[in-house]
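Structural overview for review
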Amino acid sequence: MKKLMCILLLIIGTVIYAQEETLIGQEEITTGGYGAPVIKFTSINSQFGVLVGARGGWILDHSITLGVGGYGLVNDVNENSDERSPLLNFGYAGFDLGYIMKWHKLLHASFNFLIGGGAVSQRMNFNVYDLNFNLPNLGMIKNHNFFIAEPEADFELNIVKFCRIDIGASYRFISGAKQNGLSNNDLSGVSAIMTLKFGRF
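So, here's what we can say about the structure. (Residues numbered from 1 in each chain as written. Predicted model: local features only at pLDDT ≥ 70, side-chain atom pairs only at ≥ 80, totals over all residues. Heavy atoms only, no water.)

Next up on the list: the nonpolar core. In terms of nonpolar packing, the biggest core is built from 18 residues, with Ile44, Leu51, Phe90, Tyr92, Phe146, Ile174 and Leu187 touching the most fellow members. Counting residues per element, the ones that place at least two in this core are strand E1 (31-44), strand E3 (64-73), strand E4 (87-100), strand E5 (107-123) and strand E6 (144-160). It is E4 that contributes the most residues to this core, 3 residues altogether. Apart from residues no more than four positions distant in its own chain, Tyr92 is found in contact with Lys40, Leu51, Gly69, Gly70, Tyr71, Leu114, Gly117, Gly118, Phe146, Ile148, Glu150 and Arg172. (Core = buried A, V, L, I, M, F, W, Y, C linked by side-chain atoms within 4.5 Å. Buried < 20%, exposed > 50% of the residue type's maximum accessible area, 1.4 Å probe, protein only. Helix = DSSP H or I, 4+ residues; strand = E, 2+ residues; numbered from the N terminus. Contact = heavy atoms within 4.5 Å.)

With that settled, consider the pairing of E3. Of the strand pairs in this sheet, strand E2 (residues 47-60) and E3 are connected by 10 bridges, and their pairing is antiparallel. Across the sheet, Trp58 pairs through a bridge with Leu66, a residue of E3. Hairpin connection of E2 to E3: 3 residues between the antiparallel strands, including Asp61 at a positive phi of 55°. (Pairing = 2+ DSSP bridges.)

Per the counting criterion, the structure on display carries 5 aromatic pairs. Ring geometry for Tyr71 and Tyr92: centres 5.5 Å apart, planes at 50°, overall tilted. Remark: Tyr92 occurs in strand E4 and Tyr71 occurs in strand E3; sequence separation between them is 21 residues. Tyr92 matches Tyr71 in its accessibility class, with the two residues each being buried. Where Phe90 meets Tyr92, the ring centres are 6.0 Å apart and the plane angle is 65°; that geometry is what we call edge-to-face. (Phe/Tyr/Trp six-rings, centres within 6.5 Å; stacked < 30°, edge-to-face > 60°.)

Let's shift gears to unusual backbone geometry. Of note, Asn45 is a non-glycine position whose phi angle comes to about 55°, a positive value. With respect to the helices, strands and loops of the structure, Asn45 is situated in the loop between E1 and E2. Taking relative accessible area as the criterion, Asn45 reaches 12% and is therefore assigned buried. Phi at Asp61 takes a positive value of approximately 55°, unusual for a residue other than glycine. Within the fold, Asp61 resides in the loop between E2 and E3.

Residues Trp58, Ile64, Leu66, Val68, Phe95, Leu97, Tyr99, Met101, Phe111, Phe113, Ile115 and Phe147 make up a contiguous nonpolar surface patch of roughly 1100 Å² in combined accessible area. Taken together, the elements giving at least two residues each to the nonpolar patch come down to E3, E4 and E5. Considering the arrangement of structural elements, one finds Met101 in the loop between E4 and E5. A relative accessible area of 35% means that Met101 is categorised as partly exposed. (Patch = residues over 30% accessible without salt bridge, like charges linked within 9 Å, V, L, I, M, F, W, Y side chains within 5 Å. Areas by Shrake-Rupley, 256 points an atom, 1.4 Å probe, with all protein chains shown as cover. Salt bridge = Lys/Arg side-chain N within 4 Å of Asp/Glu carboxyl O.)

Once that is clear, we can look at the pairing of E2. Pairing between E1 and E2: 14 bridges, direction antiparallel. From the neighbouring strand, Gly33 faces E2, where its bridge partner is Trp58. If you look at the hairpin formed by E1 and E2, you'll find 2 residues sitting between the two strands, and Asn45 has a positive phi there, around 55°.

Okay, the environment of Val160 next. Of note, Val160 is situated in strand E6. Residue classification places Val160 among the partly exposed residues on the basis of a relative accessible area of 39%. Distance in space between the C-alpha atoms of Val160 and Phe198 is 9.6 Å, their sequence separation being 38 residues.

In structure tokens, the structure reads:
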């Protein structure tokens, strides 16, 4: 009887003092954050485009990122193949979710997924008009909104503890764009991306 009681107490003690198992791990979860300027080289309406913007957010356990990002077109892209046609304003922003693989390695992979919205509109192309300012009647310049989803994959290099550089590519999936004959496919496309991250990783 005494042996049975000792065994029972030993089992109860083991259960009470056993550590809880978790999906991520038993160590304390760390947090950090970062901010990053971003440049994207892409094709918009079959023309070369440069998007400049920034992203930033919260880093959970060195691996999961939760943040936001936004980008805008900074060079001249015509509304159609005619160089005298109006130019495009184009930009988008949204929530940016990410995952960093083997963050402690000098070179590793990271993945991001942006989901959000944007707008496209036209602006006057002043470069093609004479000194008499014979401008076309564009009417009211109206923003046309669209939905965007953009997955991204990068190689990430640890420069120093507070700085990393990412080189990668993404694809813009755009839906709902309606700007004077432009289709979703005209605004969707692949981007080559360079990101410079600063923060606590």
